[in-house]
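One letter stands for each residue in the lines below.
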Amino acid sequence: MKMDHTSFIADTLGRSPALVLKDGSLNYVSGQVWEANGHPTILIRIHYLGICRSDAKEVTMERKGLSHFGHEIMGEVVFAPHGLGIAIGDFVGIDPNIPVQRSSGYCGYFAMSADHIALRKAVYKLPLSRPDPDFIFVEPLACSHHAVTRASEVLGELQGKDVLVIGAGVAGILIALSCVESGSRTPKIANRGHERARWARDIGLGAYFDIVSIEECAGKFDAVFIATSFVFDDLIDLAGDCVTPNGALVLYGGTHPGQCYAQSVDIDALRRTEGVRPHHFANGISAFLVGTYGIECQNYRASIDLVHRSSHAKQIARKLTQEILPPSLAAQHLTLMSYTPLPGKAVIDMTPWLDATRIEGVMV
């Protein structure tokens, strides 16, 4: 019997177990209420989901703006409207920065509703014939690629340039990978805590990057990326001590509305509007503060290509993947992340919930 696709999508989400977040509260529910409100809708069967640090920030309500809860998706299309260039059975990822109506990504099935233009921007086809957890790194790698592109725009290029990344987390490591792909010299990745730097070396990342403690990052760098969870004045001061004259100091980590550096530079506005501002540091060096925020189409396509073709990218993704968890442990891990600086990436395997609500497609 044929079923209207709107009813099909609402029915699928209505009986698919999910972890939802509302007002800082995590709850497991038996299904989600869904209304497309007349907009075209795509339905994706999620095979793997990466737990992002921003998800944990949303749990603690430290992250502002559009909700991205559950966005590092590697899934398979169950239904797509005409005109997207996406077919049932295609594997896809999403750009969470496009304003759409969306369900929780912590579910076996994921829906997005918006006009055709927004949906085309939000969904990217992956070159896969079967599920592959490595591809949950496409979205965070696209963000990193965008940050590196911003530095390249200020400096002219990164070819042969010296690079320092402050922060040895997933973001910092992916930024370093993107720098190498852009032709930089081997990046230094520095961390204030010795444990995180030790962890990065222990999982073998020293084969790709120069991983040091913050006390060891002597020298001057053409580009310095602040890739910590949040950007603070002392980190900008530190970066200012390490950047060359007219170098690029890229603000990648989180900021909050109204946050100012040196009581005068609104770094939140600078980051979110992707501004560039010269700044004269106390050490006498003038360099550029560079904002980076979100993803552009070319960043996403470049990251898809990199994960698909580069053995180094795949090896780094697998080293960063510390745990593959069932959905039942997602809330516990998110809660733990909110007060513990867990290294690496945890990936949710949605198979248990997919088996509970297996949907094969819609007849329209």
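This structure is a prediction, so every number in the text was calculated from the model and none was measured.

Colleague: What exactly am I supposed to notice about the overall build of the chain here?
Modeller: Scanning the chain for helices and strands turns up 12 helices and 19 strands. Taken over the C-alpha trace, the chain has a radius of gyration of 21 Å; the compact-globule value for 364 residues is 21 Å, and the two agree within 12%. Structurally, the chain occupies a C-alpha span of about 75 × 40 × 35 Å along its principal axes. Across the 364 residues in the chain, those meeting the buried criterion constitute 56%. Sequence separation of 24 or more characterises 69% of the internal contacts of the chain that already satisfy a separation of 6 or more. Between the averaged position of the 32 positive side-chain charges in the chain and that of its 38 negative side-chain charges there is a distance of 2 Å.

Colleague: Help me understand the side chain of Thr 255 in this model?
Modeller: Of note, Thr 255 is situated in the loop between β13 (243-251) and β14 (260-261). In terms of polar contacts, Thr 255 uses its side chain to reach the side chain of Asp 268, at 2.7 Å. A polar contact is formed between the side chain of Thr 255 and the side chain of Arg 271, at a distance of 2.8 Å. In this structure Thr 255 touches Val 231, Ile 267, Asp 268, Arg 271 and Arg 272, once residues within four positions along its chain are discounted.

Colleague: What's the story with the environment of Cys 179 in this structure? I'm lost.
Modeller: Its place among the elements puts Cys 179 in helix α5 (residues 170-181). Looking at Cys 179, the relative accessible area reads 0%, which means it is buried. With 146 residues separating them in the primary sequence, Cys 179 and Leu 325 have C-alpha atoms 30 Å apart. The residues contacting Cys 179, other than those within four sequence positions of it, are Val 148, Leu 158, Val 163, Ser 184, Pro 187 and Phe 225.

Colleague: How should I be thinking about the sheet that holds strand β10 (residues 188-191) in this particular structure?
Modeller: Within a sheet, adjacent strands bond to each other through the backbone by hydrogen bonds, running parallel or antiparallel. In spatial order, the strands read β11-β10-β9-β12-β13-β17-β16; together these seven strands make up an open sheet with mixed pairing. Only two strands of the sheet have a single partner each, and these edge strands are β11 (210-213) and β16 (276-280). Each neighbouring strand pair of the sheet contributes to a mean axis angle of 25 degrees, computed without reference to strand direction. The sheet contact formed by β10 and β11 spans four bridges and is parallel. Pairing of Lys 188 across the sheet is with Asp 210, part of β11. Relative to the sheet, helix α6 (residues 194-202) contacts β10 and β11, its axis offset from that of β11 by approximately 160 degrees. Sitting on the sheet, helix α7 (residues 233-242) is in contact with β9 (163-166), β12 (221-226), β13 and β17 (286-291), with an inclination near 145 degrees to β13.

Cut-off values and rules
Residues numbered from 1 in each chain as written. Predicted model: local features only at pLDDT ≥ 70, side-chain atom pairs only at ≥ 80, totals over all residues. Heavy atoms only, no water. Helix = DSSP H or I, 4+ residues; strand = E, 2+ residues; numbered from the N terminus. Rg over C-alpha atoms; globule rule 2.2 N^0.38 Å. Buried < 20%, exposed > 50% of the residue type's maximum accessible area, 1.4 Å probe, protein only. Contact = heavy atoms within 4.5 Å. Lys, Arg positive; Asp, Glu negative; His and termini not counted. Charge placed at Lys NZ, Arg CZ, Asp CG, Glu CD. Polar contact = N/O pair within 3.5 Å; in protein donor to acceptor, adjacent residues only side chain to side chain. Pairing = 2+ DSSP bridges. Axes fitted to C-alpha atoms, helices over the stretch in contact; angles between N-to-C directions.

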